[in-house]
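Now for the letters of each chain:
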Amino acid sequence: MTHRILAEQNFENGYNCAQAVLLAFSDLTGLDEKTALSISSSFGGGMGRLREVCGAVSGMFMVAGLLYGSNTTVSQEEKAAHYERLQAFAAQFREKNGSYLCRELLAGVQTTIGTVPEARTAEYYKKRPCKLLCGDAAEILDRYITENPIK
């Protein structure tokens, strides 16, 4: 099963966008399900339902950090190279979807404001692009990983 399909299924199973993407890559990150879900739990709804950066993009960045980021102090050049990678991912996502901001991606979709997530009903899934956005983030990562094998 591809990471795209896993990410989409994770979203359909009730996980937020960031959780859906991060969990889909647990085979590569080595994170157990509980840890992956806990780390990414705050990033749904565009970061705590603030409608900022799309959770799928946040999840994509988390995976990239785990696979290609540093866990030690690194040089400015290494930091710049990693940030360049992340910005390229965001640009690809924006090119495909028009934005990487949750509120812009959901423009035209009637949503509620506040802290309470909307019920996950059949209508919810019909009107939102979130499932496909999770898939797009996973696909961008897979393409990069194929071209840049993990060391």
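Residues numbered from 1 in each chain as written. Predicted model: local features only at pLDDT ≥ 70, side-chain atom pairs only at ≥ 80, totals over all residues. Heavy atoms only, no water.

## Comments concerning the side chain of glutamate 118
Heads up, the condition is: Strands here mean DSSP runs of E at least two residues long; helices mean DSSP runs of H or I at least four residues long; both are numbered from the N terminus. Under the rule applied, a polar contact is a pair of N or O atoms within 3.5 Å (in protein, one hydrogen donor and one hydrogen acceptor; residues adjacent in sequence only if both atoms are side-chain atoms).
Position of glutamate 118 relative to the elements: it lies in the loop between α7 (102-105) and α8 (122-127). Of note is the side chain of glutamate 118, whose polar atom sits 2.6 Å from the side chain of arginine 128.

## Section: the packing of aromatic side chains
Heads up, the condition is: Each Phe, Tyr or Trp ring (for Trp, its six-membered ring) is paired with any other whose centre lies within 6.5 Å, and the angle between the two planes then decides the class: stacked below 30 degrees, edge-to-face above 60, tilted in between. Relative accessibility under 20% of the residue-type maximum defines a buried residue, over 50% an exposed one, and the middle range a partly exposed one, all with a 1.4 Å probe and only protein chains included.
Under the counting rule described, the total for this entry stands at five aromatic pairs. When the ring of phenylalanine 11 is compared with that of tyrosine 125, the centres are 5.9 Å apart and the planes differ by 90 degrees; the resulting orientation is edge-to-face. Of this pair, phenylalanine 11 sits in helix α1 (residues 3-12) while tyrosine 125 sits in helix α8, placing them 114 residues apart in sequence. Among the residues examined, tyrosine 125 registers a relative accessible area of 24% and is labelled partly exposed. Ring centres 5.1 Å apart and planes at 85 degrees place the aromatic pair tyrosine 68 and tyrosine 144 in the edge-to-face group. Residue tyrosine 68 is located in helix α5 (residues 55-68), and its partner tyrosine 144 is located in helix α9 (residues 130-147); the two are separated by 76 residues in the primary sequence.

## Notes on the pattern of salt bridges
Condition: Should a side-chain nitrogen of Lys or Arg be within 4 Å of a carboxyl oxygen of Asp or Glu, the pair is scored as a salt bridge.
Tallying each qualifying case throughout the model produces ten salt bridges. We note a salt bridge from glutamate 139 to arginine 4, for which the minimum N-O separation is 3.2 Å. Of this pair, glutamate 139 sits in helix α9 while arginine 4 sits in helix α1, and the two are 135 residues apart along the sequence. In this structure glutamate 139 comes out as partly exposed when scored by relative accessible area, which is 32%. On the basis of relative accessible area, arginine 4 is assigned to the buried category, the value being 18%. For lysine 127, the salt bridge identified is with glutamate 118, shortest N-O distance 3.5 Å. For lysine 127, a relative accessible area of 31% gives the class partly exposed. Given a relative accessible area of 17%, glutamate 118 falls into the buried group. Each of Arg4, Glu8, Lys96, Asp136 and Glu139 takes part in a single network of salt bridges with overlapping partners.

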